[in-house]
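The lines below spell out each chain.
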Amino acid sequence: MNTATKPKHIGRNISRIRELRGMKQEVLALAIGVSQQTISNIENSEVVEDEKLESIAKELGVTVEAIKNFSDEAAINFFNNFYDNSFANSQGTFCANQCTYNPLDKVVELYERLVQAEKDKVSYLEKLLNK
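These numbers come from a predicted model, not from an experiment.

Conventions and cut-offs
- Residues numbered from 1 in each chain as written.
- Predicted model: local features only at pLDDT ≥ 70, side-chain atom pairs only at ≥ 80, totals over all residues.
- Heavy atoms only, no water.
- Helix = DSSP H or I, 4+ residues; strand = E, 2+ residues; numbered from the N terminus.
- Polar contact = N/O pair within 3.5 Å; in protein donor to acceptor, adjacent residues only side chain to side chain.
- Contact = heavy atoms within 4.5 Å.
- Axes fitted to C-alpha atoms, helices over the stretch in contact; angles between N-to-C directions.
- Parallel < 35°, antiparallel > 145°, perpendicular 65-115°, else oblique.
- Left-handed = near helix turned anticlockwise from the far one by under 90°.
- Nonpolar A, V, L, I, M, F, W, Y, C, P; charged D, E, K, R; others polar.
- pLDDT = per-residue confidence, 0-100.
- Core = buried A, V, L, I, M, F, W, Y, C linked by side-chain atoms within 4.5 Å.
- Buried < 20%, exposed > 50% of the residue type's maximum accessible area, 1.4 Å probe, protein only.
- Arc of directions from axis to C-beta.
- Patch = residues over 30% accessible without salt bridge, like charges linked within 9 Å, V, L, I, M, F, W, Y side chains within 5 Å.
- Areas by Shrake-Rupley, 256 points an atom, 1.4 Å probe, with all protein chains shown as cover.
- Salt bridge = Lys/Arg side-chain N within 4 Å of Asp/Glu carboxyl O.
- Lys, Arg positive; Asp, Glu negative; His and termini not counted.
- Charge placed at Lys NZ, Arg CZ, Asp CG, Glu CD.

Visitor: Before we go on, may I ask you to explain the side chain of Arg 18 in this structure?
Guide: As for its position among the elements, Arg 18 is in helix α1 (residues 10–20). Of the polar contacts made by the side chain of Arg 18, one reaches the side chain of Glu 43; its length is 2.6 Å. Not counting residues up to four positions away in its chain, the partners in contact with Arg 18 are Met 23, Lys 24, Gln 25, Leu 28, Glu 43 and Leu 60.

Shown next as structure tokens:
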């Protein structure tokens, strides 16, 4: 009976860390200058080339070793300890979900981008009609 250990699936580790960071594939792709489909392919790969792994680690805010050695159990232990300590240090007020930005500003920013996209579509269609 062979009990050889299976190699770590680096792509799956990248995916889990990205999800824990609350980052979408599109955002990571944009940050490292590739397409979302490329990120999807990387996350489905057992092995990732070192250069890509370094740039992904940088954008995720972790080390390459953290990606290679990631385990769900360790992450759960870390977050349990983190929240336990933040509760103890908050002097009776639990503030785990503090925003570092104004959510309304993000909504307005998104709305403005959508409006601009619609204006661009209208001007493009007008150009097509005029031709």
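Visitor: What is the right way to look at the packing of α1 against helix α4 (residues 50–60) in this model?
Guide: Angle between the axes and distance between the axes are the two parameters that describe a pair of packed helices. In contact at an axis separation of 11 Å, α1 and α4 are set at 15° when each is read in the N-to-C sense. Here α1 is positioned roughly parallel relative to α4, judged by the angle of their axes. In the packing of α1 onto α4, the handedness of the crossing is left-handed. Facing α1, whose interface residues are Ile 10, Ile 14, Ile 17 and Arg 18, α4 presents Leu 53, Ile 56 and Leu 60. Residue composition of the contact of α1 with α4, by class: 6 nonpolar, no polar and 1 charged.

Visitor: Before we go on, may I ask you to explain the confidence of the model for the protein chain in this structure?
Guide: Reading fine detail from the predicted coordinates is not recommended where pLDDT is low. Scored by pLDDT, the protein chain comes out at a mean of 80, with 75% of its residues at no less than 70. Within the model, pLDDT remains below 50 along residues 85–95, and this stretch shows 4 contacts once partners closer than five positions in the same chain are excluded.

Visitor: Sorry, what's going on with the nonpolar core here?
Guide: Across soluble globular proteins, nonpolar side chains have a tendency to be buried as a group. By size, the foremost hydrophobic cluster in this structure holds 17 residues, and its most contacted members are Ile 14, Leu 28, Leu 53, Ile 56, Leu 60 and Ile 67. Of all elements in the fold, only α1, α2 (25–32), α3 (36–43), α4 and α5 (64–68) reach the threshold of two or more residues within this core. A per-element tally of this core places α4 first, with 4 residues. Dropping the residues within four chain positions of it, Leu 60 is found in contact with Ile 14, Ile 17, Arg 18, Arg 21, Met 23 and Leu 28.

Visitor: Could you clarify how one ought to interpret α3 in this entry?
Guide: Quick reminder: α-helices carry 3.6 residues per turn. Residues three or four places apart thus point the same way. Of all the positions in α3, only Ile 39, Ser 40, Ile 42 and Glu 43 are classed as buried. Considered in projection along α3, the buried side chains sweep an arc of 160° and stay on one side of the axis. Summarising the contacts, the buried residues of α3 are in contact with α1, α2 and α4.

Visitor: What should I look at first to understand the packing of α2 against α3 in this one?
Guide: Taken N-terminus to C-terminus, the directions of α2 and α3 make an angle of 105°; their axes are 8 Å apart at the nearest point. Comparing the axis directions of α2 and α3 gives the class roughly perpendicular. Contacts from Gln 25, Glu 26, Leu 28, Ala 29 and Ile 32 of α2 reach α3 at Gln 36, Ile 39, Ser 40 and Glu 43. Grouping the amino acids of the contact of α2 with α3 by side-chain chemistry returns 4 nonpolar, 3 polar and 2 charged.

Visitor: Hey, could you run me through a nonpolar patch on the surface in this one?
Guide: On the surface, a nonpolar cluster with roughly 320 Å² of combined accessible area is contributed by Tyr 124, Leu 125 and Leu 128. With respect to the secondary-structure elements, Tyr 124 resides in helix α7 (residues 103–130).

Visitor: So what exactly am I meant to see when it comes to a negative patch on the surface here?
Guide: Negative charge collects at one region of the surface, where Glu 49, Asp 50, Glu 51 and Glu 54 lie side by side. Counting through the fold element by element, Glu 49 comes out in the loop between α3 and α4. Note on Glu 49: relative accessible area 54%, which makes it exposed.

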